[in-house]
Structure formats: structure tokens, C-alpha cells
Amino acid sequence: MRRFYPEIIPFYLYLIPDLEFVEESLNYYESVFGCHIIRLPHPSLYRWMRNLVFCDPPVAELYNRLNPVSFDYEDIRKLVWDAAGDDGDGYYGLGVRAADNINRWGSIKRFGPINQKQHKFYPIFDWNKQKLMDEIKGAGIKLPVDYRMFGRSFDGIDYRFLVQIKKYYPRDYDRILELFPLADMEIYRREKWANEKAKVI
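What this report covers is the structure whose coordinates are included nearby. Just so it is clear, the structure is predicted and the values come from calculations on it, not from any experiment. (Residues numbered from 1 in each chain as written. Predicted model: local features only at pLDDT ≥ 70, side-chain atom pairs only at ≥ 80, totals over all residues. Heavy atoms only, no water.)

## Describing the overall build of the chain
We apply this condition: What counts as a helix is a DSSP run of H or I of at least four residues, what counts as a strand is a run of E of at least two, and both are numbered from the N terminus. Exposed residues in this analysis have more than 50% of their type's maximum accessible area, buried residues have under 20%, and partly exposed residues fall in between, with area computed by a 1.4 Å probe over protein chains only. Residue contacts follow a heavy-atom distance rule, with two residues in contact if any of their heavy atoms lie within 4.5 Å. Accessibility throughout is a Shrake-Rupley quantity obtained with a 1.4 Å probe, and a residue counts as covered only by protein chains that appear here. Two residue types count as positive, namely Lys and Arg, and two as negative, namely Asp and Glu; His and chain ends fall outside the count. The location of each charge is read from NZ of Lys, CZ of Arg, CG of Asp or CD of Glu.
Along its length, the chain carries 10 helices and five strands. Reported as C-alpha extents along the three principal axes, the dimensions of the chain are approximately 55 × 45 × 40 Å. Within the span of the chain, comprising 201 residues, buried residues form 34% of the whole. Sequence-distant contacts in the chain: of pairs separated by 6 or more residues, those separated by 24 or more amount to 65%. Summed over its atoms, the accessible surface of the chain is roughly 13,200 Å², and 54% of this surface lies on carbon and sulfur atoms. Of the charged side chains in the chain, 30 are positive and 29 negative, and the gap between their average positions amounts to 7 Å.

Here it is as C-alpha cells:
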């Protein structure tokens, strides 16, 4: 994007605040690109709190009292542009490809790579995975640790992510449990189910 757009304001939407493995990657990219990356909460974080996902009674009571607000990507876009002192008419780019999954393919085919109404666009929508990897490698940029742990970007608190975070970043796992104390059950039930299935077979 830097080849074509002179002014870029990078921001990252965190699912859980202050995770070490996330901050390690963000600090690396700030150093590489020579700019600050704004950290803001992801709408999913507040949605999980409102829906009491993996919450025990004390945390559920706290979240009910807090009544976390609902917001979307357009709210975030306006916030970023307001903070930048702009008129708020800017667009934001997302690093997703049409080939990522069937839903993205269908959405991009239907609406195109530029969504005028939502002020967003997909600069690499038509790339395949190899072109993307070649571009990253050619720029001398490392992938975040996410790809070593999960094979993809961190984007949830289900088993795929929790089991790896617990293994490699136990302090981050404890941080997740502070906000969603019953997330441990996600690992327990998946592994118990796998063990029970193995016994049946």
C-alpha cells in the first residue's frame, strides 16, 4: 500500500488487551515500518463480554454491570480518522483475499474489492497465497508468531488458539482467563471428547 498511498495510519484491533505474543509482533512491525501502530479493541471483545462467553458468575455479574457498548468497524474507522485530525472520509484497507474462504469470495464477487458505503477496500483481493508470501518475503518482513502457532492470524478464543497459547505463552493464557475464566473448559471438553471418541473406536 505504501507504493500507492502516501499517508497510511496503521491500527490493530486486539481481541484480548496486552497479550505478549501480540505485542512482540506489533513492536517488530513498528520498528520495521518506522511508525506507531494504534491499538484499539476489536468489536468481538465487547460482544464476548456482552454475551458472557466463558464467564463464571462473578465475571458475568461484572460485565452485566459494565454493560459493554456495541460498536462496529465503521465506528472504529471514524475514531481513527478523528484522532488523525482528518475529515473522516478516509478508507481502510483489509489484508484479506477472495481465495481465503467461500464467504469472502462470495462477498467480494458480489460487492467488489471496494466498498464505498463502508469506506473499506481489499488491496490484495485477487492475490493467491504464493504471491502474498513472495511479496512478504521479498520485502524482508517476518510473519508474526501467529503463523508458527496457529498457521494463521489469531482471531478467536476457541480451541485452535487456546491450546497453542497455553503451551507457548502461559502468561497470555492466564490473561485470557482473567477476562474469560471458563475458557479452560474449551480445551477440557475438546480433549475429553477426543479421548472418548478414541475409546469408542
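## A few points about the pairing of strand E2 (residues 38-41)
Test applied: Being paired, for any two strands, means DSSP has found at least two bridges between them.
Pairing analysis gives four bridges linking strand E1 (residues 11-14) to E2, with the strands arranged parallel. Residue pairing for E2: Tyr12 is matched across the bridge by Arg39.

## Side note on unusual backbone geometry
The phi dihedral of Asn67 is positive, around 50 degrees, even though this residue is not glycine. Mapped onto the elements, Asn67 comes out in the loop between helix H3 (57-66) and helix H4 (73-83). Unlike most non-glycine residues, His119 shows phi in positive territory, near 55 degrees. One can find His119 in the loop between strand E4 (114-115) and strand E5 (120-121). For His119, a relative accessible area of 15% corresponds to the buried category.

## As for a nonpolar patch on the surface
The condition is simple: Residues enter patches when their relative accessible area tops 30% and they take part in no salt bridge; the joining distance is 9 Å for like charges and 5 Å for the nonpolar side chains Val, Leu, Ile, Met, Phe, Trp and Tyr. Throughout this description, the term salt bridge denotes a Lys or Arg side-chain nitrogen within 4 Å of a carboxyl oxygen of Asp or Glu.
Taken together, the side chains of Met1, Phe4, Tyr5 and Ile8 define a hydrophobic patch exposed on the protein surface, amounting to about 420 Å² of accessible area. By the element assignment, Ile8 lies in the segment before E1. Using a relative accessible area of 35% as the deciding quantity, one classes Ile8 as partly exposed.

## Things to note about the pattern of salt bridges
The tally for this structure, following the rule as stated, stands at 13 salt bridges. Note that Arg65 is salt-bridged to Glu61, the shortest N-O span being 3.5 Å. Highlighted residues: Arg65 and Glu61, both in helix H3, separated by four residues, approximately one helical turn. Judged by its relative accessible area of 61%, Arg65 falls in the exposed class. Through salt bridges with shared partners, a single network forms among Glu23, Glu30 and Arg39.

## With respect to the environment of Tyr92
Within the fold, Tyr92 resides in strand E3 (residues 92-93). Note on Tyr92: relative accessible area 8%, which makes it buried. When the C-alpha atoms of Tyr92 and Tyr73 are compared, they prove to be 9.7 Å apart, with 19 residues separating the residues in sequence.

## Here we look at the environment of His42
With respect to the helices and strands, the residue His42 is situated in the loop between E2 and helix H2 (43-50). Using a relative accessible area of 15% as the deciding quantity, one classes His42 as buried. A C-alpha to C-alpha distance of 8.4 Å links His42 and Tyr12, two positions 30 residues apart in sequence.

## Regarding the sheet that holds E4
The three strands are arranged E3-E5-E4 in an open sheet whose pairing can be described as mixed. Edge positions in the sheet fall to E3 and E4, since each of these pairs with one other strand and no more. Direction of pairing for E4 relative to E5: antiparallel, over a ladder of two bridges. From the neighbouring strand, Ile114 faces E5, where its bridge partner is Phe121.

## A look at the packing of aromatic side chains
This is how the line gets drawn: Centres within 6.5 Å make a pair out of two Phe, Tyr or Trp rings, where for Trp the six-membered ring is used; the pair is then stacked when the planes are under 30 degrees apart, edge-to-face when over 60, and tilted otherwise. The criterion is that NZ of a Lys, or CZ of an Arg, lies within 6 Å of the ring centre and within 35 degrees of the ring normal, and then a charge sits over that ring.
The full count for this structure, using the stated rule, is 13 aromatic pairs. Ring geometry for Tyr46 and Phe71: centres 5.1 Å apart, planes at 80 degrees, overall edge-to-face. A residue pair is termed long-range when its members are at least 10 positions apart, and Tyr46 in helix H2 and Phe71 in the loop between H3 and H4 qualify at 25 residues. Looking at Tyr46, the relative accessible area reads 25%, which means it is partly exposed. Ring pairing ties together the aromatic residues Phe21, Phe150, Phe154, Phe161 and Tyr169, which thus form one cluster. One Lys or Arg, Lys131, reaches over the ring of Trp127 and ends 4.6 Å from the middle of that ring. When the ring centre of Tyr28 is taken as origin, the NZ or CZ atom of Lys142, which lies over that ring, is 4.7 Å away.

Worth remembering: the numbers are spatial, not functional.
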